[in-house]
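Here is how the chains run, residue by residue.
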Amino acid sequence: SADEVLKEDSTLFPRSLYASTKYVSELLVRRYGELHGFPTVCVRLTSPYGPMERITGHRALMSVLFQWTGDVVRGNPIRVGTCSLGRDYTYVADTATAICAVLDAPSLSYDVYNISSGQRVTLGEIIEALKDVRPSIQVIDDPEVDSIMLRMGTTRGPMDSTRLREDVGFTPSFNLRSGIRDYLEWREETDFLD
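Counting starts from 1 at the beginning of each chain's written sequence and moves along it residue by residue. With pLDDT at 70 or above as the cut-off, local features in this predicted model cover only qualifying residues; side-chain atom pairs require 80 or more to be listed or tallied, and sums for whole chains, interfaces and linings still use all residues. Derived side-chain values reflect all non-hydrogen atoms in the structure, with water molecules and hydrogen atoms excluded from consideration.

## As for the overall build of the protein chain
- To qualify as a helix, a DSSP run of H or I must reach at least 4 residues; to qualify as a strand, a run of E must reach at least 2; elements of each kind are numbered from the N terminus. Along its length, the protein chain carries seven helices and eight strands.
- Atoms counted for the radius of gyration: C-alpha only. Globule rule: 2.2 Å times the number of residues to the power 0.38. Its C-alpha atoms give the protein chain a radius of gyration of 18 Å, within 12% of the compact-globule value 16 Å for 194 residues.
- Judged by the C-alpha coordinates and their principal axes, the protein chain covers about 55 × 35 × 30 Å.
- Looking at the protein chain residue by residue over its 194 residues, the buried ones come to 40%.
- Within the protein chain, residue pairs in contact and separated by at least 24 positions form 86% of the contacts whose partners lie at least 6 positions apart.
- Here the accessible surface of atoms and residues is derived via Shrake-Rupley with a 1.4 Å probe, and residues count as covered only by protein chains that are part of the display. With the model as given, the accessible surface of the protein chain reaches about 11100 Å², and the carbon-plus-sulfur share is 53%. When accessible area is computed with a 1.4 Å probe and restricted to protein chains, residues below 20% of their type maximum are described as buried, those above 50% as exposed, and intermediate ones as partly exposed. Should any heavy atoms of two residues lie within 4.5 Å, those residues are considered in contact.

## Some remarks on the packing of helix H4 (residues 123–133) against helix H7 (residues 176–189)
- Two elements in contact, H4 and H7, have axes whose closest approach is 9 Å; the angle formed by their N-to-C orientations is 60 degrees. One way to sum up the angle between H4 and H7 is to call them oblique. Between H4 and H7 the crossing geometry is right-handed. Residue-level inspection shows Glu125, Ile126, Glu128, Ala129, Leu130, Asp132 and Val133 of H4 in contact with H7, the latter providing Leu176, Arg177, Ile180, Arg181 and Leu184.
- Class assignment for the residues of the contact of H4 with H7 results in seven nonpolar, no polar and five charged. Every axis in this analysis is a line fitted to C-alpha atoms, fitted for helices over the stretch in contact. Angles between the N-to-C directions lie between 0 and 180 degrees. The scheme is simple: roughly parallel for angles under 35 degrees, roughly antiparallel for over 145, roughly perpendicular for 65 to 115, oblique for anything else. Here is the rule for handedness: rotate from the far helix to the near one, and if that takes an anticlockwise turn smaller than a right angle the crossing is left-handed, while a clockwise turn gives right-handed. Amino acid classes used here: Ala, Val, Leu, Ile, Met, Phe, Trp, Tyr, Cys and Pro are nonpolar; Asp, Glu, Lys and Arg are charged; the rest, including Gly, are polar.

## A few points about the nonpolar core
- Grouping buried Ala, Val, Leu, Ile, Met, Phe, Trp, Tyr and Cys residues that are joined through side-chain atoms within 4.5 Å yields what is termed a nonpolar core. Core analysis: the biggest nonpolar cluster contains 26 residues, and Tyr49, Trp68, Tyr89, Leu123, Ile126, Leu130 and Ile180 have the highest contact counts within it.
- Contributing elements (two or more residues each) for this core: helix H2 (64–74), strand E3 (78–80), H4 and H7.
- In this structure Ile126 touches Val64, Leu65, Trp68, Tyr89, Val121, Leu176 and Ile180, once residues within four positions along its chain are discounted.

## A closer look at the environment of Val72
- Among the secondary structure elements, Val72 is positioned in helix H2.
- Its relative accessible area of 13% is what places Val72 among the buried residues.
- When the C-alpha atoms of Val72 and Arg187 are compared, they prove to be 9.9 Å apart, with 115 residues separating the residues in sequence.
- Among all residues touching Val72, those that are not within four sequence positions of it are Ile78, Leu130, Arg134, Ile137 and Leu184.

## Points about H7
- Taking 1.5 Å as the rise per residue, H7 with 14 residues should run 20 Å; its terminal C-alpha atoms sit 20 Å apart, in good agreement.
- Among the residues making up H7, those that are buried are Leu176, Gly179, Ile180, Tyr183, Leu184 and Arg187. Projected down its long axis, H7 carries its buried residues within an arc of 130 degrees, all on one side.
- In the core, the buried residues of H7 are packed alongside strand E2 (48–49), H2, strand E5 (90–91), strand E7 (121–122) and H4.
- Here a polar contact means two N or O atoms within 3.5 Å. Within protein one must be a hydrogen donor candidate and the other an acceptor candidate, and residues neighboring in sequence count only if both atoms are side-chain atoms. Where H7 begins, the side chain of Asn175 points an oxygen toward the backbone nitrogen of Arg177, at a separation of 3.1 Å. Every helix has an expected span of 1.5 Å times one less than the residues it contains. By arc we mean the arc of the directions from the helix axis to the C-beta atoms, nothing more.

## A word on the side chain of Glu26
- Relative to the helices and strands, Glu26 is located in helix H1 (residues 17–36).
- Residue classification places Glu26 among the buried residues on the basis of a relative accessible area of 8%.
- In contact with Glu26, other than residues within four places in its own chain, are Cys42, Arg44 and Val112.

Given below as structure tokens:
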């Protein structure tokens, strides 16, 4: 649900093949470490966005931030329906830095860490951040896009990143606006318009 905060010790009930494979990967890593006598750690990422997300043919749907920043750099209007839909988005630079922080930690207290901004962001908040960064963007109310957003699982709560902050000492450097600004600048500098 949109209000539920997902903690590392929450009971997991994967409801899709994608979610199931992620959970099974954690179990396999943990078991491999047990069999061969070395510690393991897994990280759980939440909705990363930013440079290098691209269409490869292996994903059915791209993130809303990929789609909308693409519209911005191409000069197209952004189409949005229900602005209250949302999830926990994390800028990829923070995701990468957090993974390095876990890998470089001298010791870890847990075998699973959420890597997350820890904040649920609505589509309306993304639109406002985009307008702050690029005031000239055009936004069109289009209820037809709601079915696409719902299929993408755009309605879930944030992941708790207390373990990452307290045990590893990591806090994100990017908020939504600075992440969007950096992402748009990267797309424009590299001419990544698709």
